[in-house]
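So you can see what is in the structure, the chains are spelled out below.
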Amino acid sequence: MSEEKTFNEKLVSLIAELKAPKGQWNDYGGYHYRSGEDILEAVKPLALKYGLLPTLSDEIVMIGERYYVKAVASITDGNSSHQALGYARESQVKKGMDESQITGTASSYARKYAMNGLYLIDDTKDTDTNEYKNQQEKGNQKKNQKKQNNQQEKLVNGQQLATLKDEARKISELAGNDPDDVLNKLNQMLNIQDTSQMEMKNFGGAMNVLKKWHKNYEEKAGQTA
């Protein structure tokens with residue numbers, strides 16, 4: 001008859017066999033995440049297998065000037081036990097939630113963190129961690145940069161911009177004004193602040209307008225000659 005496992009051996013076996021899937025889906029963010037309930041449901045059959053009793057409790061504590069939910073996750077075989085703590089700060093304001101819901105949300109987070117510690121679950125990529133938020137911010141920065149690059153590709157290039165300015169210069173010489181005055185008039189027609197913001201699809205039309213102005217000033221100059 002094999003010798004019965006010690007409490008530590010049972011806990012190590014449970015941790016080694018524990019698979020806590022990310023069983024929740026966030027429609028708004030489009031990602032899977034792991035809840036405290038997911039962890040607990042994965043722990044229960046293994047706890048039964050090894051004759052262990054998992055428990056969860058929490059209490060409200062004040063740290064500094066803010067209220068936190070302090071959660072305790074523990075597991076015991078009746079003689080020995082092991083526990084881990086988790087803390088979550090209550091939000092001062094949470095849109096669409098009353099005070100009891102705010103506390104409940106903090107309790108869920110705190111219990112999840114406590115179970116993460118107790119069962120050695122790595123949640124660094126989960127949605128409610130700083131690591132996840134940092135990754136999201138980096139991802140958003142890349143998306144914004146890509147968006148800016150795509151927008152930049154739609155605008156006139158350096159050669160086209162130089163062609164526009166050269167045509168404006170020729171017109172200004174005939175009209176006796178500044179090239180910027182010509183370009184500003186063109187920008188107003190296109191409802192843009194600067195010629196460099198002109199979309200490439202408008203380049204051909206803009207050149208036709210400038211050439212028409214050029215021709216008109218040439219005709220006026222010929223009449224007065």
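Look a little higher up for the structure.
Now for a look at the structure at hand. These figures come from a predicted structure and were not determined experimentally.

### Some remarks on the nonpolar core
Generally speaking, a soluble globular protein has its nonpolar side chains buried in company with each other. Counting residues in hydrophobic clusters, the biggest one holds 25 residues, and the most contacted among them are Leu 14, Leu 18, Ile 39, Leu 52, Ile 75 and Tyr 119. Elements that contribute at least two residues to this core include exactly α1 (7-17), α2 (36-49), β4 (66-76), β5 (81-89) and α3 (99-119). Among the elements that make up this core, the one with the highest residue count is α3 (6 residues). If we skip the residues at most four places from it in the chain, Tyr 119 touches Leu 14, Ile 15, Leu 18, Ile 39, Val 43, Pro 54, Ser 74 and Ile 75. Judged by nonpolar contacts, the second largest core, of 14 residues, contains Leu 183, Ala 206, Met 207 and Leu 210.

### Thoughts on the environment of Ala 16
Mapped onto the elements of the fold, Ala 16 is located in helix α1. Each C-alpha atom, one on Ala 16 and one on Tyr 119, is 9.1 Å from the other, the two residues being 103 residues apart in sequence.

### As for the packing of aromatic side chains
Summed over the entire model, instances satisfying the criterion amount to 1 aromatic pair. Geometrically, the ring pair formed by Tyr 109 and Tyr 113 is stacked, given 6.4 Å between the ring centres and 25° between the ring planes. In this pair, Tyr 109 and Tyr 113 both sit in helix α3, 4 residues apart, roughly one turn of the helix. You can call Tyr 109 partly exposed: its relative accessible area is 36%. Taking NZ or CZ as reference, Lys 185 lies 4.6 Å from the ring centre of Trp 213, over its face.

### Concerning the sheet that holds strand β3 (residues 53-63)
Strands sit in the order β3-β4-β5 across an open sheet of 3 strands; the sheet is antiparallel. Only two strands of the sheet have a single partner each, and these edge strands are β3 and β5. Strand-to-strand twist across the sheet, computed as the mean angle between neighbouring axes with direction ignored, equals 20°. Note: β3 against β4, 11 bridges, orientation antiparallel. Note that in β4 the partner of Leu 53 across the bridge is Thr 76. Running over the sheet, α1 touches β4 and β5 and is turned about 110° from β4.

### Here's the deal with the pattern of salt bridges
As enumerated under the stated definition, the model contains 9 salt bridges in all. As a salt-bridge pair, Arg 111 and Asp 58 come within 2.8 Å of each other at their nearest N and O atoms. In this pair, Arg 111 sits in helix α3 while Asp 58 sits in strand β3, placing the two residues 53 residues apart along the sequence. A relative accessible area of 29% places Arg 111 in the partly exposed class. In this structure, Asp 166 engages Arg 169 in a salt bridge whose closest nitrogen and oxygen atoms are separated by 2.8 Å. With Asp 166 and Arg 169 both in helix α5 (residues 158-175) and 3 residues apart, the pair spans about one turn of that helix. Overall, Asp 166 belongs to the partly exposed group, its relative accessible area being 32%. Here the salt bridges share partners, and the residues they tie into one network are Asp 166, Arg 169, Lys 170 and Glu 173.

Parameters and conventions
Residues numbered from 1 in each chain as written. Predicted model: local features only at pLDDT ≥ 70, side-chain atom pairs only at ≥ 80, totals over all residues. Heavy atoms only, no water. Core = buried A, V, L, I, M, F, W, Y, C linked by side-chain atoms within 4.5 Å. Buried < 20%, exposed > 50% of the residue type's maximum accessible area, 1.4 Å probe, protein only. Helix = DSSP H or I, 4+ residues; strand = E, 2+ residues; numbered from the N terminus. Contact = heavy atoms within 4.5 Å. Phe/Tyr/Trp six-rings, centres within 6.5 Å; stacked < 30°, edge-to-face > 60°. Lys NZ or Arg CZ within 6 Å of the ring centre and 35° of its normal. Pairing = 2+ DSSP bridges. Axes fitted to C-alpha atoms, helices over the stretch in contact; angles between N-to-C directions. Salt bridge = Lys/Arg side-chain N within 4 Å of Asp/Glu carboxyl O.

By themselves, these are just geometric observations and shouldn't be taken as functional.
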